[in-house]
Amino acid sequence: MPTDTQFRPNSQTTDFGKRPAADVIIVGGGIAGLVAALRLSTSCQVLLLNKGGFGEGASSLWAQGGISAAIGDDDSPELHAADTIRAAAGTADPEIIGILTSRAPDCIASLQEWGVDFDTEDDGSPALGREAAHSRNRILHIGGDSTGRGLMETLCAAVRKQPTITIRDHCVAEELIVHHNRIVGLYCRNLKTADTPAEALFAPAVILATGGIGGLFEVTTNPSECTGEGLGMAARAGILLADLEFVQFHPTAMHVGITPAPLATEALRGEGATLINDRGERFMVKVHENAELAPRDIVARAVWREIHAGRQVFLDCRTAIGANFESRFPTVYQLCRNAGIDPARMPIPVAPAAHYHMGGIATDRNGRTSMQGLWACGEVASTGIHGANRLASNSLLEGVVFGAAAADDICRHLAKRYENADRSDRGSSILAPHPLPASRFRCYDAKISTLTLARLRQLMSANVGVVRQQESLMATLHELDGLIAQIGDKSAMAANMLLAARLITEAALQRCESRGGHFREDYPTPNPTMRHRSFMRLNDDIAKRSPQVIA
Ligand SMILES: Cc1cc2nc3c(=O)[nH]c(=O)nc-3n(C[C@H](O)[C@H](O)[C@H](O)COP(=O)(O)OP(=O)(O)OC[C@H]3O[C@@H](n4cnc5c(N)ncnc54)[C@H](O)[C@@H]3O)c2cc1C
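Residues numbered from 1 in each chain as written. Predicted model: local features only at pLDDT ≥ 70, side-chain atom pairs only at ≥ 80, totals over all residues.

**A look at the domain arrangement of the protein chain**
Turning to step 1, where the next piece is worked out: According to the domain assignment, the protein chain contains domain 1 (248-354) and domain 2 (449-549).
Turning to step 2, where the next piece is worked out: Here the C-alpha centre of domain 2 lies 28 Å away from the C-alpha centre of domain 1.
Turning to step 3, where the next piece is worked out: If you look at the interface, domain 1 gives seven residues, while domain 2 gives six residues.
Turning to step 4, where the next piece is worked out: If you list the elements that add at least two residues to the side of domain 1 that touches domain 2, you get β12 (247-254) and α9 (296-308).
Turning to step 5, where the next piece is worked out: Here the side of domain 1 that touches domain 2 gets four residues from one element, more than from any other, and that element is α9.
Turning to step 6, where the next piece is worked out: For the side of domain 1 that touches domain 2, the class distribution of residues is four nonpolar, one polar and two charged. (Domains from an automatic or database assignment. Contact = placed C-beta atoms within 7 Å. Helix = DSSP H or I, 4+ residues; strand = E, 2+ residues; numbered from the N terminus. Nonpolar A, V, L, I, M, F, W, Y, C, P; charged D, E, K, R; others polar.)

**Observations regarding the packing of helix α14 (residues 470-487) against helix α15 (residues 492-510)**
Between two packed helices, both the angle of their axes relative to each other and the distance between the axes serve to describe the pair.
Turning to step 1, where the next piece is worked out: The geometry of α14 relative to α15 is characterised by a closest axis approach of 9 Å and an angle of 160° between their N-to-C directions. By the angle class used here, α14 and α15 are roughly antiparallel. Along this stretch, α14 crosses α15, giving a crossing that reads as left-handed. Packed against α14, whose contacting residues are Gln470, Leu473, Met474, Thr476, Leu477, Leu480, Leu483, Ile484 and Ile487, the element α15 presents Ala494, Ala495, Leu498, Leu499, Ala501, Arg502, Thr505, Glu506, Ala508 and Leu509 at the interface.
Turning to step 2, where the next piece is worked out: Residue classes in the contact of α14 with α15 are distributed as 14 nonpolar, three polar and two charged. (Axes fitted to C-alpha atoms, helices over the stretch in contact; angles between N-to-C directions. Parallel < 35°, antiparallel > 145°, perpendicular 65-115°, else oblique. Left-handed = near helix turned anticlockwise from the far one by under 90°.)

**Topic: the packing of helix α6 (residues 229-236) against α15**
Turning to step 1, where the next piece is worked out: At a minimum axis separation of 7 Å, α6 and α15 run at an interaxial angle of 80°. Viewed along their axes, α6 and α15 adopt a mutual orientation that is roughly perpendicular. Across the interface between the two elements, Glu229, Leu231, Gly232, Met233, Ala235 and Arg236 from α6 touch Met493, Ala495, Asn496, Met497, Leu499, Ala500 and Leu503 from α15.
Turning to step 2, where the next piece is worked out: Residue classes in the contact of α6 with α15 are distributed as nine nonpolar, two polar and two charged.

**Some details on the sheet that holds strand β1 (residues 24-27)**
Turning to step 1, where the next piece is worked out: Taken in spatial order, the five strands make up an open sheet running β6-β2-β1-β10-β17, and their pairing is parallel. The open sheet has two edge strands, β6 (165-168) and β17 (374-376), and neither has a second partner. When the angles between neighbouring strand axes are averaged without regard to direction, this sheet yields 20°.
Turning to step 2, where the next piece is worked out: Pairing analysis gives four bridges linking strand β2 (residues 46-49) to β6, with the strands arranged parallel. The residue bridging Leu47 from the neighbouring strand is Thr166, located in β6.
Turning to step 3, where the next piece is worked out: Taken strand by strand, helix α12 (residues 394-419) contacts β1, β10 (205-208) and β17, and its axis lies near 170° from that of β10. (Pairing = 2+ DSSP bridges.)

**As for the confidence of the model for the protein chain**
Turning to step 1, where the next piece is worked out: In this model, the protein chain carries a mean pLDDT of 90, and residues with pLDDT of at least 70 account for 91%.
Turning to step 2, where the next piece is worked out: Throughout residues 1-18 the model reports pLDDT below 50, and contacts reaching past four residues in sequence, or to other chains, amount to 43 contacts.
Turning to step 3, where the next piece is worked out: Confidence over residues 541-546 falls short of pLDDT 50; this stretch has five contacts with residues more than four positions distant or in other chains. (pLDDT = per-residue confidence, 0-100.)

**Topic: the nonpolar core**
Turning to step 1, where the next piece is worked out: In this structure, Val24, Ile25, Ala36, Ile207 and Leu241 are the most contacted members of the largest nonpolar core, which totals 175 residues.
Turning to step 2, where the next piece is worked out: With 14 residues, α15 is the largest single contributor of residues to this core.
Turning to step 3, where the next piece is worked out: Each of domain 1 (248-354) and domain 2 (449-549) contributes no fewer than three residues to this core. (Core = buried A, V, L, I, M, F, W, Y, C linked by C-beta atoms within 7 Å. Buried ≥ 20, exposed ≤ 12 C-beta atoms within 10 Å, placed from the backbone.)

**Things to note about the site of the ligand**
Turning to step 1, where the next piece is worked out: With respect to spatial proximity, 45 residues lie near the ligand, and among them Gly28, Gly30, Gly65, Gly211 and Gly378 are the closest.
Turning to step 2, where the next piece is worked out: Those elements that place two or more of their residues in the shell around the ligand are α1 (31-40), α2 (59-62), α5 (147-160), β7 (171-179), α6 and α12.
Turning to step 3, where the next piece is worked out: In terms of residue count, the dominant contributor to the shell around the ligand is α12 (four residues).
Turning to step 4, where the next piece is worked out: Across the shell around the ligand, the residue classes break down as 16 nonpolar, 25 polar and four charged. (Near = placed C-beta within 6 Å.)

**With respect to the environment of Asn366**
Turning to step 1, where the next piece is worked out: Relative to the helices and strands, Asn366 is located in the loop between β16 (360-362) and β17.
Turning to step 2, where the next piece is worked out: Residue Asn366 is classed as partly exposed on the basis of its 16 C-beta neighbours within 10 Å.
Turning to step 3, where the next piece is worked out: Through-space distance from the C-alpha of Asn366 to that of Arg412 is 11 Å; in sequence the pair is 46 residues apart.
Turning to step 4, where the next piece is worked out: Each residue touching Asn366, except ones within four places of it in the same chain, is listed here: Ala405, Ala406 and Asp409.

**Some points on unusual backbone geometry**
Turning to step 1, where the next piece is worked out: Between Thr259 and the following residue, Pro260, the backbone shows a cis peptide bond with an omega angle of -10°.
Turning to step 2, where the next piece is worked out: Looking at the element boundaries, Pro260 is found in the loop between β12 and α7 (266-270).
Turning to step 3, where the next piece is worked out: Not every positive phi belongs to a glycine, and His170 is a case in point at roughly 50°.
Turning to step 4, where the next piece is worked out: If you trace the backbone, His170 turns up in the loop between β6 and β7.
Turning to step 5, where the next piece is worked out: The phi torsion at His180 lies on the positive side, around 45°, for a residue other than glycine.
Turning to step 6, where the next piece is worked out: Here His180 lies in the loop between β7 and β8 (182-190).

This is the structure:
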């Protein structure tokens, strides 16, 4: 891989037919995008686009629990893999899980080399915590429950130091540019000047690292920037998607009238906090032998049923954690105090919230998507690791492992591509379309979309949430089609969100069984013949927007 490149970031603006914006465009500055950027920065020019300010608007920043890796003396990547497979409810890919867990210790070491400082025991060894369904202590954390913030601050600082990485804040990707069946770039828009036309950027490699879909739901723990737009863009480009129906709902988001809903981490239940209803009943004891430490989907449904029956639900930390709350869980403590609750003395009102998407853009072990020129990593990708249910603390790890894998694959790919090209000729190795197809969208977020998006979120939470059934899924599809027609080309954000929501709903309708995070009231048990992943792509005739179910 060449070390000095001819490309000058952002130089395409006057010559967009040919000159690339960089060797690699990365969309999204969460953990997956940052790791990919750092890994690429030694040999490539990278352009990093981020919807919000740099280091903001990412779920990665909000992660409380930690990041998993089998580094304890009593642990091994095989045990970590076995726990991940067990949690995944039958549809995970054991090979890709093996890659995740065996690379985890090295990836933790890379994070430390970039300056990440994990909490340690008194003897200087890493402090390893445990979360539900992990059979060993293998969760590394930073500042107790501030892991995401600790990771992001360090990685953002490392990225800022790299002269080969150019950061564009408040810049949103709207649409991928497909040319001769490969992705050659994208349309983006500066949110500060959103009424100006979209700008076309070209690069031989594009990485989507746009995070999850929580923002499609009314009640979510995700930052408001995580709205499934990467998924919508990829779908529109005809790229293969996988496991869309599998959404994880966190059982204990704080129900305190704040959007997004602050998270009361699972570690609280790990410490002995209990779930009670407004009659003071500890209802989980009747639901599962592990009570509050049952798998997330079971706890989420039990909480949902209590609320649906008209009762309030609380996480009671008074006895288990009590006066130690502030020192043990400073982030949650502050979130509670912001909502006027003293968790050492008062139970915390909670409700299930859309938290994590197991599905996404189908990728292989190198983060490659089904179309050349496009890679995906982090929560927007579906590698097959999480199956129907994610094991806690595996998603930050996935972002690190597969952010790095995508970067390494791109380095190999570009080295080959440039092998025979004269250095001064690299710019023209981009297959930019002539004439350039116009951007599909008139603006990013038209005022007209506010009501539409409110309705979308209501529909998704009510009908594609913790408990689903055929009739309401079909009604949702019908209404979403109406909203899609209404939005047309007016707003890129609304169109991408609606398309992502439509495909998730379609996938939920197609899976006539219950498995992991996907629960169908009309098919309440797993069907052994459906013990496989699901794949979907939009038909060639995109105007019809009809998804083709592949398996
Ligand atoms: C409250 C909370 C707690 C969590 N706790 C844990 C935990 O303890 N351990 C764990 O392993 N996982 C945890 N998770 C899950 C984990 O944080 C995420 O899965 C992971 O951080 C996703 O990383 P990412 O890089 O893929 O996406 P993100 O970190 O979400 O970053 C995506 C980025 O893409 C940007 N973006 C989106 N669309 C566009 C666009 N169109 N154009 C430009 N930019 C765009 C966003 O602004 C954002 O910066 C938690 C999640 C939440 C919400």
